[in-house]
Amino acid sequence: PLSNDGHILPVNGTNLLLYLLYPEQYNGEKIIAKAEKLVMNSKAKWYKAIISVLLGIIKKDTDRISENLQNLCVCHTRQQLIWYEIEKTQCHVAYGLLVLAYHNLAKEEFDKIEMPQYKTFDSGYCKWLLKEEYEEQMLFEYSAPYEFLNKAFFAPVPITIIHPSLNGKSYTVTKGL
């Protein structure tokens, strides 16, 4: 079911996400109209930016996504909900919304989105985040007599699973890689 009661950002954001994930189950016109009304009437730039990016993903409006990601990164440092100063250095919400756009837009559409240019957004990190494969690399190499540690870091993680028996009095152990 759709959210009805609560704070305007979670209610509208949840409904937009539900519609984005399950478009055949929900009335998109009603959800979008309610979210557009919030964007038009709200004075809170943070809320407007998040909801506008979600609307942009649904409507495949890359200009709207780009503009509001920029607004989101600018407003991020002004948020009073952030408890620790270190959290103000990176706008994690922008990264999350970009990943959502990456998975819901065609590649040609996603490539039209302009990455935010602001101190709370690192485009290099975003490119790394969107990579399909990650390469393993050593940040530090051990020299003799500890070079065996270099091999140990890339060895597969051993797995041990303990299976209790039905009577609860014994168990079997499965080991593997």
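Structure: above.
All values reported here derive from a predicted model rather than from experimental measurement.

J.: Looking at this structure, I do not really get a negative patch on the surface. What am I missing?
T.: Together, Asp61, Asp63, Glu67 and Glu114 make up a negatively charged patch on the protein surface. Relative to the helices and strands, Glu114 resides in the loop between α6 (107–111) and α7 (123–129).

J.: Would you take a moment to explain unusual backbone geometry for this structure?
T.: Comment: phi is negative for the bulk of residues other than glycine, and the bulk of peptide bonds are trans. Residue Pro145 follows Ala144 across a cis peptide bond; omega there is 5°. Inspection of the secondary structure assignment puts Pro145 in the loop between α7 and α8 (148–154).

J.: Explanation requested: the side chain of Arg64 in the structure shown.
T.: Turning to its location among the elements, Arg64 is positioned in helix α4 (residues 62–76). Residue classification places Arg64 among the buried residues on the basis of a relative accessible area of 16%. Within the local environment of Arg64, its side chain forms a polar contact with the side chain of Glu36, the two groups lying 3.0 Å apart. If we ignore the near neighbours within four places in the chain, the residues touching Arg64 are Glu36, Val39, Ser52, Leu55, Gly56 and Lys59.

J.: Quick question: what am I supposed to make of the packing of aromatic side chains here?
T.: Ring pairs (aromatic) are described by centroid distance and by the angle formed between their planes. The full count for this structure, using the stated rule, is four aromatic pairs. Ring plane angle 25° and centroid distance 4.9 Å describe the contact between Tyr95 and Phe121, whose orientation is recorded as stacked. Of the two residues, Tyr95 is situated in helix α5 (residues 92–104) and Phe121 in the loop between α6 and α7; the sequence distance between them amounts to 26 residues. This pair shows no difference in class: Tyr95 is buried, exactly as Phe121 is. Joined through ring pairs, the aromatic side chains of Tyr95, Phe121, Tyr125 and Trp128 make up one cluster.

J.: I'm lost on the pattern of salt bridges in this one. Help?
T.: Close approach of charged atoms lets side chains of opposite charge pair. The full count for this structure, using the stated rule, is three salt bridges. A salt bridge links Glu36 to Lys59; the shortest N-O distance between them is 2.6 Å. Of this pair, Glu36 sits in helix α2 (residues 28–41) while Lys59 sits in helix α3 (residues 45–59), placing them 23 residues apart in sequence. The partner of Arg64 in a salt bridge is Glu36, with the nearest N and O atoms 3.0 Å apart. Placement of Arg64 in helix α4 and of Glu36 in helix α2 is noted, with a sequence separation of 28 residues between them. Glu36 shares its class with Arg64; the two are buried. When salt bridges with common partners are traced through the structure, they connect Glu36, Lys59 and Arg64 into a single cluster.

J.: Help me out: how do you make sense of α3 in this one?
T.: Helix length check: α3, at 15 residues, gives a terminal C-alpha distance of 20 Å against a target of 21 Å (1.5 Å per residue), a fit within 8%. By the burial criterion, the buried members of α3 are Trp46, Tyr47, Ala49, Ile50, Ile51, Ser52, Val53, Leu54, Leu55, Gly56, Ile57 and Ile58. Where the residues of α3 are buried, they touch α1 (8–21), α2, α4 and α5. Positive phi appears at Lys60, one or two residues downstream of α3, with a value of about 60°.

Reading the values: rules and limits
Residues numbered from 1 in each chain as written. Predicted model: local features only at pLDDT ≥ 70, side-chain atom pairs only at ≥ 80, totals over all residues. Heavy atoms only, no water. Patch = residues over 30% accessible without salt bridge, like charges linked within 9 Å, V, L, I, M, F, W, Y side chains within 5 Å. Areas by Shrake-Rupley, 256 points an atom, 1.4 Å probe, with all protein chains shown as cover. Salt bridge = Lys/Arg side-chain N within 4 Å of Asp/Glu carboxyl O. Lys, Arg positive; Asp, Glu negative; His and termini not counted. Charge placed at Lys NZ, Arg CZ, Asp CG, Glu CD. Helix = DSSP H or I, 4+ residues; strand = E, 2+ residues; numbered from the N terminus. Buried < 20%, exposed > 50% of the residue type's maximum accessible area, 1.4 Å probe, protein only. Polar contact = N/O pair within 3.5 Å; in protein donor to acceptor, adjacent residues only side chain to side chain. Contact = heavy atoms within 4.5 Å. Phe/Tyr/Trp six-rings, centres within 6.5 Å; stacked < 30°, edge-to-face > 60°. Expected span 1.5 Å × (residues − 1).

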